[in-house]
2 protein chains.
Amino acid sequence: MAKRDKLVRPKARLPKGLRDISADETRATARMLAAIESVYELYGFEPLETPAFEYTDALGKFLPDQDRPNEGVFSFQDEDEQWLSLRYDLTAPLARYVAQNYDALAKPFRRYQFGPVWRNEKPGPGRYLQFMQFDADTVGTASVAADAELCMLAADCLEKLGIPRGEYLMRVNNRKVLDGVLEEIGISGEDEGFALQRLTVSRAIDKLDRLGGEGVRLLLGTGRKDESGDYTKGAGLTGNQADLIMAFVEAEASSNASVLASLRTIVGTSVTGGEGVDELEQIAALCEVSGYDETRVKLDPSVVRGLGYYTGPVFEAELTFEARNDDGDIVRFGSVGGGGRYDGLVQRFKGVEVPATGFSIGVSRLQTALDVIGATTGEHISAPIVVLVMDRDRLSDSQQMTFELRAAGIRAEMYLGTSGMKAQMKYADKRGAPAVVIEGEDEHAAGTVTIKDLEKGLRMSEDITDNEEWRSGRPAQVTVPRGSLVEAVRDVLNAQRG
Amino acid sequence: MAKRDKLVRPKARLPKGLRDISADETRATARMLAAIESVYELYGFEPLETPAFEYTDALGKFLPDQDRPNEGVFSFQDEDEQWLSLRYDLTAPLARYVAQNYDALAKPFRRYQFGPVWRNEKPGPGRYLQFMQFDADTVGTASVAADAELCMLAADCLEKLGIPRGEYLMRVNNRKVLDGVLEEIGISGEDEGFALQRLTVSRAIDKLDRLGGEGVRLLLGTGRKDESGDYTKGAGLTGNQADLIMAFVEAEASSNASVLASLRTIVGTSVTGGEGVDELEQIAALCEVSGYDETRVKLDPSVVRGLGYYTGPVFEAELTFEARNDDGDIVRFGSVGGGGRYDGLVQRFKGVEVPATGFSIGVSRLQTALDVIGATTGEHISAPIVVLVMDRDRLSDSQQMTFELRAAGIRAEMYLGTSGMKAQMKYADKRGAPAVVIEGEDEHAAGTVTIKDLEKGLRMSEDITDNEEWRSGRPAQVTVPRGSLVEAVRDVLNAQRG
């Protein structure tokens, strides 16, 4: 084996669009997930875990913009040549789970789930093949109270994570309202041309943020050429048709009441459209009664949501503040989560409609935002105390000290390499150790031990370029009787925290 | 879409060998992971996350018994037809990570990681295509102090999880000792026939538990026919050769000292073998000094570990007690984790040897054991209070009560379905709700609210078959002023915890 490996040595690399996650980020994510989980739990959702991959036909295909051959998902075949796919979200597996266990479940069924999902898409900045979602769903009720609740839950999550009120917005729309408008302009129904037009229309609306009203207007009509010269074919609507869509998208939004009034006019006589406006009104009212007014839950006709399975209310959690990143650039984070009602997803299996609604947080995106604003939750874990090995023949002495520290609940490790003192100090430094424990020959003879304080703040200061210099200059070193090791280390740690 | 779906309705099912994980198990796993994590952290390991799949060549192929065409892993191709595989353990990705980031890492590099891994194997009872591992590894040191530490860490984990001292054992062996024995019987070296013999020998030893000494002896010789009549070809050793192997495997094991003495004799003049025995001696001594004596860390020549990449000390965490499962059968859990030294794994990429050692807990297996002995850690979460909806026109009143409970930190949900009182009570019952909140017409008029205690213990008692009966007979119902809702619910919860 060793010989063969030498001939074809593999390169240590990851596919583009995949990444390793460092200790700091892993810990930050864990803290964030715990905070979100506590809110989901508070609302009465229960955890569920489904496997990473499933039969492809059970997951279905509801991804937007499937320009790549594998249609947005990673797929492979099992022994019997049946196709399996990695999940692309947590909603499709939930629909399969509910259909499979329908009779046994208390309904409405309310579950939360977090975990990675995978998309076979072109990777880009901040766009990975694997990313984490954290969902809460209520399955088995058509009541918009369930949708309203998700809007409040999302608001609570963001606040729990340290995002102040006023710096985020749950934007809410209803697919039925758009359907009503499409009815009004005469492109509803099962005709395939109409279906394509509707898809193009909703994709166009989805780009309002990026392209503005002008750009969307072009995409509703013949099409639009972007700066690079690429041409995107439009929905081919007439001027009048496009006018109504634009009136819908740009409906007066100064207040929830004004949005509702505009939408009532625009949907005209469409029954579906009317229903949609009614539902939005109920959602706004239910949120309002618990104090989630339009400064937090805002009706907004421009919200579309890309996934193809939504059938009613849709919502998007948006961070509204701007911040500067490390390079000093202004960053807007935009959407950090969203969801909506998908009354047809379980029906795919069951034949009967099982109404459902859900909300999903894009964990990585939200975390990037939290990092930038410096919001943190939960307890931070300090680096371990490093017990140096001054004499390899007395390894067990170092081992014993490490054991004592751990037994006292102090995070500690013995230096496990085989290098000398200098390398050991460098190691402790690189690890960010708060202190090292030294029992050299002199200490050993005298029955003492030295604790060297490596004070984090100072060490990390960018002003100090020569580590040796500040270290030698620091008096933060104490020699105590060997029996007082734990106590002395605890004193150093407390002083640093102080 | 709706129309097409009706024609080909997918079946809601999971591939064999995959499973959904319920709320209770998900929570139990989370508690278990938190306990393990706290020990890994205490020992100074840092978290790392790597993606679920990687380039196939970067992961390498080190799985035992690769009888299936896909060679034990799930693989698929990317856009450029490069092969990708789902990780089959957490060690291979770690080796890739270390090789890729070698210069930037503090060495020894110490990380922990948990997460699912996938094996394309024939599923069976308790054997799934996806399962969870939780690893700690130290990379960049040849010191057996790192191996000794992992043995102590494993013991600490098991005790932290509620497994009493004396009911588990870390069994430790060293591949080098076996290599020494193989040298002694003359089948070392790069000859392909010898390599195959060595593989067959180590597989045979691995079956000692299951087949006993007799069975292993047959597999070392010409071969063995099992009860079903299936014949397994043996390693083809001569009688003398097999004798020495058996002497090794069955070395006197009454104490660590006696194992060491036997092994010294058996490895004879082999340098590798001698080294291996020295290392075992050091590991035992280092553990002993911190009180992890042979009742916890036991030298045992029959430990092999299946994975092909181990090069030195190998260890297995074994639960030694027997228990009865729900069916009254006696269950032995055996190995719930293991690991060892793999000095060649990073070398695959780097060309230079980067010594490393690691320990991996099989999460599901350990959890099954914990369930059976009833060991639990961490806090249990009670089911939510269910606020009933007595009048759909007063939905917002129910919403407001739910909000107030949540704002007070009480897990609560409004009934989100659209059914009547009876179905709502049934729902609360199925959810295991500790209580329901009722504000009917009378209560509403009087400015009061009723809290109905659904006392969990009683409700779950199997003696009571008629829920209506006990419920109607219970006095546990209290009507209080609407303003005292939160207080009253808290009283009910406290009384139940009482």
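Just so it is clear, the structure is predicted and the values come from calculations on it, not from any experiment. (Residues numbered from 1 in each chain as written. Chains lettered and ligands numbered in written order. Predicted model: local features only at pLDDT ≥ 70, side-chain atom pairs only at ≥ 80, totals over all residues. Heavy atoms only, no water.)

1. What about the overall build of chain A?
Okay, so step 1: Within chain A, the secondary structure is distributed over 19 helices and 18 strands.
Okay, so step 2: Principal-axis analysis of the C-alpha atoms places the extent of chain A at approximately 95 × 60 × 55 Å.
Okay, so step 3: With the model as given, the accessible surface of chain A reaches about 21400 Å², and the carbon-plus-sulfur share is 48%.
Okay, so step 4: Computed over 59 positive and 79 negative side-chain charges, the separation of the two mean positions in chain A equals 5 Å. (Helix = DSSP H or I, 4+ residues; strand = E, 2+ residues; numbered from the N terminus. Areas by Shrake-Rupley, 256 points an atom, 1.4 Å probe, with all protein chains shown as cover. Lys, Arg positive; Asp, Glu negative; His and termini not counted. Charge placed at Lys NZ, Arg CZ, Asp CG, Glu CD.)

2. Overview of the packing of aromatic side chains
Okay, so step 1: Per the stated rule, a full pass over the model turns up 25 aromatic pairs over all chains.
Okay, so step 2: Relative to Phe 76 of chain A, the ring of Phe 53 of chain A lies with its centre 5.2 Å away and its plane at 70°, an arrangement referred to as edge-to-face. Here Phe 53 of chain A, found in strand E2 (residues 53–55), pairs with Phe 76 of chain A, found in strand E3 (residues 75–77); they are 23 residues apart in sequence, far enough to count as distant. Considered together, Phe 53 of chain A and Phe 76 of chain A belong to a single accessibility category, that of buried residues.
Okay, so step 3: Geometrically, the ring pair formed by Phe 114 of chain B and Phe 134 of chain B is tilted, given 4.9 Å between the ring centres and 50° between the ring planes. (Phe/Tyr/Trp six-rings, centres within 6.5 Å; stacked < 30°, edge-to-face > 60°. Buried < 20%, exposed > 50% of the residue type's maximum accessible area, 1.4 Å probe, protein only.)

3. Some words on the sheet that holds strand E13 (residues 356–362) of chain B
Residue and element names in this part refer to chain B.
Okay, so step 1: The mixed open sheet is built from eight strands, whose spatial order is E1-E5-E6-E13-E12-E11-E7-E10. Two strands close off the open sheet at either side, each with one partner strand: strand E1 (46–47) and strand E10 (297–299).
Okay, so step 2: With five bridges joining them, strand E12 (residues 330–341) and E13 adopt antiparallel strand pairing. Paired with Gly 338 across the bridge in E13 is Ser 360.
Okay, so step 3: Of the strands in this sheet, strand E6 (130–139), strand E11 (313–324), E12 and E13 are in contact with helix H13 (residues 363–373), which crosses E12 at around 145°. (Pairing = 2+ DSSP bridges. Contact = heavy atoms within 4.5 Å. Axes fitted to C-alpha atoms, helices over the stretch in contact; angles between N-to-C directions.)

4. Observations regarding the relation of the copies chain B and chain A
Okay, so step 1: For the match of chain B to chain A, the screw axis carries a shift of 0.0 Å, the RMSD comes to 0.1 Å, and the turn is 180°. Taken together, the turn and the small shift mark the pair as related by a two-fold rotation axis. Considering only C-alpha atoms, the residue of chain B closest to the rotation axis is Phe 76 of chain B, which sits at 2.8 Å. (Least-squares fit on C-alpha atoms with pLDDT ≥ 70 in both.)

5. Here's the deal with the side chain of Thr 29 of chain A
All names here are of chain A.
Okay, so step 1: Tracing the backbone shows Thr 29 in helix H2 (residues 23–42).
Okay, so step 2: A polar atom in the side chain of Thr 29 sits 2.4 Å from the side chain of Gln 367.
Okay, so step 3: Apart from the residues within four sequence positions on either side, Thr 29 is in contact with Met 132, Val 363 and Gln 367. (Polar contact = N/O pair within 3.5 Å; in protein donor to acceptor, adjacent residues only side chain to side chain.)

6. Description of the interface of chain B and chain A
Reports often express the size of an interface as the amount of accessible area lost when the parts come together.
Okay, so step 1: Every contact between the two is made by 99 residues of chain B and, on the other side, 99 residues of chain A.
Okay, so step 2: When chain B packs against chain A, close to 8600 Å² is buried across both sides, 59% of that on carbon and sulfur atoms.
Okay, so step 3: The interface formed by chain B and chain A holds 18 salt bridges in total.
Okay, so step 4: Salt-bridge contacts for Glu 149 of chain A lead to Arg 406 of chain B; the nearest nitrogen and oxygen are separated by 2.5 Å.
Okay, so step 5: Summed over the shared surface of chain B and chain A, the number is 46 residue pairs in polar contact (both at pLDDT 80 or more).
Okay, so step 6: Looking at the side of chain B that touches chain A residue by residue, the classes come out as 48 nonpolar, 22 polar and 29 charged. (Buried area = accessible area lost by both parts, 1.4 Å probe. Salt bridge = Lys/Arg side-chain N within 4 Å of Asp/Glu carboxyl O. Nonpolar A, V, L, I, M, F, W, Y, C, P; charged D, E, K, R; others polar.)

7. So, helix H11 (residues 271–289) of chain A
Residue and element names in this part refer to chain A.
Okay, so step 1: With 19 residues, H11 extends 27 Å from end C-alpha to end C-alpha; this agrees with the ideal 27 Å at 1.5 Å per step.
Okay, so step 2: All of the buried residues along H11 are Gly 273, Gly 274, Gly 276, Val 277, Glu 279, Leu 280, Ile 283, Ala 284, Leu 286 and Cys 287.
Okay, so step 3: At the N-terminal boundary of H11, the capping side chain belongs to Ser 270, with an oxygen 3.5 Å from the backbone nitrogen of Thr 272.
Okay, so step 4: Immediately beyond the C-terminal end of H11, within one or two residues, lies Gly 291, with a positive phi of roughly 90°. (Expected span 1.5 Å × (residues − 1).)

8. A few points about the pairing of strand E4 (residues 83–86) of chain B
Residue and element names in this part refer to chain B.
Okay, so step 1: Two elements, strand E2 (residues 53–55) and E4, share three bridges in a ladder whose sense is antiparallel. Looking at the pairing, Phe 53 lines up with Leu 86 of E4.
Okay, so step 2: The sheet contact formed by strand E3 (residues 75–77) and E4 spans three bridges and is antiparallel. In the sheet register, Gln 77 faces E4, and the bridge partner there is Trp 83.
Okay, so step 3: Linking E3 back to E4 in an antiparallel pair, the connection comprises five residues, with Glu 81 at a positive phi of about 60°.

9. Some words on the sheet that holds strand E17 (residues 448–453) of chain B
All names here are of chain B.
Okay, so step 1: Across the sheet, which stays open at both edges, the five strands sit in the order E15-E14-E16-E17-E18 with mixed pairing between neighbours. At either end of the open sheet lies a strand with only one pairing partner, and these are strand E15 (412–414) and strand E18 (477–481). Pairs of neighbouring strands in the sheet enclose a mean axial angle of 20°, with direction left out of account.
Okay, so step 2: The pairing of E17 with E18 spans five bridges and is antiparallel. Its bridge partner lying in E18, Val 449 is registered against Val 480.

10. Describing the domain arrangement of chain A
Okay, so step 1: On domain assignment, one finds that chain A holds domain 1 (23–373) and domain 2 (385–497).
Okay, so step 2: The gap between the C-alpha centroids of domain 1 of chain A and domain 2 of chain A is 52 Å. (Domains from an automatic or database assignment.)

11. Concerning helix H9 (residues 239–249) of chain B
Residues and elements named next belong to chain B.
Okay, so step 1: Taken together, the buried positions of H9 are occupied by Gln 241, Ala 242, Ile 245, Met 246, Phe 248 and Val 249. One side of H9 holds all its buried residues, which, seen down the axis, span an arc of 155°.
Okay, so step 2: Residues of H9 that are buried make contact with strand E7 (168–174), helix H6 (175–184), helix H7 (192–206), helix H8 (208–220) and helix H10 (256–267). (Arc of directions from axis to C-beta.)

12. Looking at the pairing of E11 of chain B
All names here are of chain B.
Okay, so step 1: Counting buried positions along E11 gives nine out of 12 residues, so the element sits mostly inside the fold.
Okay, so step 2: The pairing of E7 with E11 spans seven bridges and is classified as antiparallel. Among the inter-strand pairings, Arg 171 is bridged to a residue of E11, identified as Glu 316.
Okay, so step 3: Pairing analysis gives nine bridges linking E11 to E12, with the strands arranged antiparallel. Of the residues in E12, the one forming a bridge with Glu 322 is Arg 332.

13. Considering unusual backbone geometry
All names here are of chain A.
Okay, so step 1: The step from Lys 107 to Pro 108 runs through a cis peptide bond, and the omega angle for that step is 0°.
Okay, so step 2: For Glu 81, which is not a glycine, the phi torsion comes out positive at approximately 60°.
Okay, so step 3: As for its placement among the helices and strands, Glu 81 is situated in the loop between E3 and strand E4 (83–86).

14. A short note on the confidence of the model for chain A
Residues and elements named next belong to chain A.
Okay, so step 1: Scored by pLDDT, chain A comes out at a mean of 88, with 91% of its residues at no less than 70.
Okay, so step 2: Residue range residues 65–69 is modelled with pLDDT below 50. Its contacts to residues more than four positions away, or to other chains, number eight contacts.
Okay, so step 3: Predicted confidence for residues 460–464 stays below pLDDT 50, and this span has two contacts to residues more than four positions away or in other chains.
Okay, so step 4: This complex was scored by the predictor with a pTM of 0.87 and an ipTM of 0.87. (pLDDT = per-residue confidence, 0-100.)

15. Some details on the side chain of Gln 241 of chain A
All names here are of chain A.
Okay, so step 1: Counting through the fold element by element, Gln 241 comes out in helix H9 (residues 239–249).
Okay, so step 2: Owing to a relative accessible area of 16%, Gln 241 belongs among the buried residues under this scheme.
Okay, so step 3: Here the side chain of Gln 241 touches Ile 185 through a polar contact of 2.9 Å, landing on its backbone oxygen.
Okay, so step 4: Setting aside chain neighbours within four positions, we find Gln 241 in contact with Ile 185 and Ile 187.

16. Side note on the state of the cysteines
Okay, so step 1: One pass over the structure, following the stated rule, counts zero disulfides over all chains.
Okay, so step 2: As a non-bridged cysteine, Cys 151 of chain A has Cys 287 of chain A as the owner of its nearest cysteine sulfur, 5.0 Å distant. (Disulfide = S-S within 2.5 Å.)

17. Concerning the packing of H6 of chain B against H10 of chain B
Residues and elements named next belong to chain B.
Okay, so step 1: Between H6 and H10, the shortest axis-to-axis distance is 9 Å and the interhelical angle comes to 35°. Taken together, the residues of H10 that come into contact with H6 (itself represented by Val 177, Val 181 and Glu 184) are Leu 263, Ile 266 and Val 267.
Okay, so step 2: Classifying every residue of the contact of H6 with H10 gives five nonpolar, no polar and one charged.

18. Quick notes on the environment of Tyr 55 of chain A
Okay, so step 1: As for its position among the elements, Tyr 55 of chain A is in strand E2.
Okay, so step 2: Judged by its relative accessible area of 10%, Tyr 55 of chain A falls in the buried class.
Okay, so step 3: Between the C-alpha atom of Tyr 55 of chain A and that of Ile 381 of chain A, which follows or precedes it by 326 residues, the distance is 41 Å.
Okay, so step 4: Leaving out residues up to four positions away in the same chain, Tyr 55 of chain A has contacts with Asp 78, Gln 82, Trp 83 and Leu 84 of chain A together with Arg 13, Leu 14 and Pro 15 of chain B.

19. Quick word on the environment of Ser 360 of chain A
Residue and element names in this part refer to chain A.
Okay, so step 1: With respect to the helices, strands and loops of the structure, Ser 360 is situated in strand E13 (residues 356–362).
Okay, so step 2: Sequence separation between Ser 360 and Asp 135 is 225 residues, and the spatial gap between their C-alpha atoms is 4.1 Å.
Okay, so step 3: Apart from the residues lying within four places of it in its own chain, the contact partners of Ser 360 are Gln 133, Phe 134, Asp 135, Gly 337 and Gly 338.
Okay, so step 4: Polar contacts involving the side chain of Ser 360 include one to the side chain of Asp 135, which spans 2.6 Å.

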